[in-house]
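Residues per chain are reported as follows:
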Amino acid sequence: MTAGMLSIPAVFMRGGTSKGLFFHACDLPQDRSARDAIFLRALGSPDNYGRQLDGMGGGLSSLSKAVIIGAPTREDADLDYTFAQVSVGAPLVDYGGTCGNLASAVGQFAVDEGLIAAAGELATVRIHAVNSGKIIRAHVRDGKAQVDGALVIPGLSFGGAPIRLEFIDPDGSRTGRLLPSGQPSDNLDIPGIGAIRASLVDAANPCVFVAAADLGLTGAELPEELDADLASRALLEAIRAAAGVRMGFGATPEAVSHGSQSSPKIALVAPARTMRTLDGASLDTGSLDLCVRMISMGQAHRAVPLTGALCVAVAARIPGTIVHDVLANSARGQGDLRIGTASGVVPVAADVIAADGGFRTNNAVAYRTARRLMEGSVLVPIRA
């Protein structure tokens, strides 16, 4: 061991448009505070400069994540997957939601680590997402997980082998209800602003949807434009915090802002339109069904969190939600929903049915790619 350093076995992986450190539960302390201290120091947080140069993080919420893989605690699962969102600028590790992007890497990790007995051309990994208590099925190639393939997802320059992710019964991941308030839309009272209409939906991850036009935005802004707009950032956080109170994540907006940064997520939605993308290209109106800009840990996401995209797909199938309202009639069926993001078009699908006077989601599906980037040990200073 390097002098003054704690050496912990770990794998660094990309899953979808996220990257994170993967650990076996047996290699980490059981005490949560000790474990969180390892995650913070390993990723380089908190960093007042926002770059995480003294760690494995990349200065963005999508690049500052940790995963714990353990033995299954449910009979219908092959393993437990606990997701930790590590704040870039604060000494905070948030377990409030799960990460769909890294769930694709969980399946590949399980195959490569020999955690499942795979047979045939495809392996189905039954993942217990501990944060939400839900089951995710990841379908990956057998043997050593394959990474070569033609699937290119928005935000990535290289193709990879497709991994099919099925989120089974994703409703009520944290609140216990698909529509936590019981309504497809609500009016939230925002101090100094007044009433703002929002849709509160909990499928795969709790999300708050607002119409971009109601905030004087287009929904096609690039992430750096949203991040530089301090007034809009403050308003979006005020709306998110007010919605968090309505969803039961805190007694006050302040409590939600300080204690539940990763959940609920908030998204701007707008009708399909021509938009610029981060690679300098553009999307035309006919290639997408709606525009979405989602905020994650206070930053505009470069693409869209996968669980957020799945929640968009579910909300799109529920009449009266803001997401449903911005869609053209032709996009309101049960097929794939094409979400226009700053990195390109993300297709997702949700099987939503009418049930018991409301709605229920049987499953939501998306395709990702994943790759093992580095394996060995991560070194953490014994004294932070």
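Look up a bit, the structure's there.
Cut-offs and rules
- Residues numbered from 1 in each chain as written.
- Predicted model: local features only at pLDDT ≥ 70, side-chain atom pairs only at ≥ 80, totals over all residues.
- Heavy atoms only, no water.
- 1 Å grid on protein atoms, 1.4 Å probe; cavity = no way out; pocket = protein on both sides within 12 Å on 5 of 7 lines; lining within 4 Å.
- Points joined across faces, edges and corners; volume = space filled by probe spheres on them.
- Helix = DSSP H or I, 4+ residues; strand = E, 2+ residues; numbered from the N terminus.
- Nonpolar A, V, L, I, M, F, W, Y, C, P; charged D, E, K, R; others polar.
- Phe/Tyr/Trp six-rings, centres within 6.5 Å; stacked < 30°, edge-to-face > 60°.
- Lys NZ or Arg CZ within 6 Å of the ring centre and 35° of its normal.
- Buried < 20%, exposed > 50% of the residue type's maximum accessible area, 1.4 Å probe, protein only.
- Contact = heavy atoms within 4.5 Å.

S.K.: I'd like a description of empty space enclosed by the protein, backed by residues and values.
M.R.: Over the atoms a probe the size of a water molecule is rolled, and this reveals where empty space is left. Counting across every chain of the model gives 3 cavities of 30 Å³ or more. In this structure, the largest cavity spans a volume of roughly 130 Å³. Together, 18 residues line the largest cavity, and Lys65, Phe83, Gln85, Thr98 and Lys265 are the ones closest to its centre. When residues of the lining of the largest cavity are traced back to their parent elements, those giving at least two are strand S4 (79-86), helix H2 (100-112) and helix H6 (306-316). For the lining of the largest cavity, a count of residues per class yields 4 nonpolar, 11 polar and 3 charged. Roughly 60 Å³ of internal volume is contained in the second largest cavity. Top element by residues in the lining of the second largest cavity is strand S7 (residues 134-141). It accounts for 3 residues. Counted by class, the lining of the second largest cavity contains 7 nonpolar, 3 polar and 1 charged residues.

S.K.: Tell me about the packing of aromatic side chains, residues and numbers included.
M.R.: Centre-to-centre distance and the angle between the planes together describe a pair of aromatic rings. Per the stated rule, a full pass over the model turns up 2 aromatic pairs. Taking the ring centre of Phe249 as reference, the NZ or CZ of Arg174 above it sits at 4.3 Å.

S.K.: With reference to specific residues and values, describe the environment of Pro206.
M.R.: Its place among the elements puts Pro206 in strand S11 (residues 205-211). Under the relative-accessibility criterion, Pro206 is labelled buried at 0%. Through-space distance from the C-alpha of Pro206 to that of Leu178 is 8.7 Å; in sequence the pair is 28 residues apart. If we skip the residues at most four places from it in the chain, Pro206 touches Ser173, Arg174, Val201, Met247, Phe249, Ser263, Pro264 and Lys265.

Just geometry here; none of it tells us what the structure is for.
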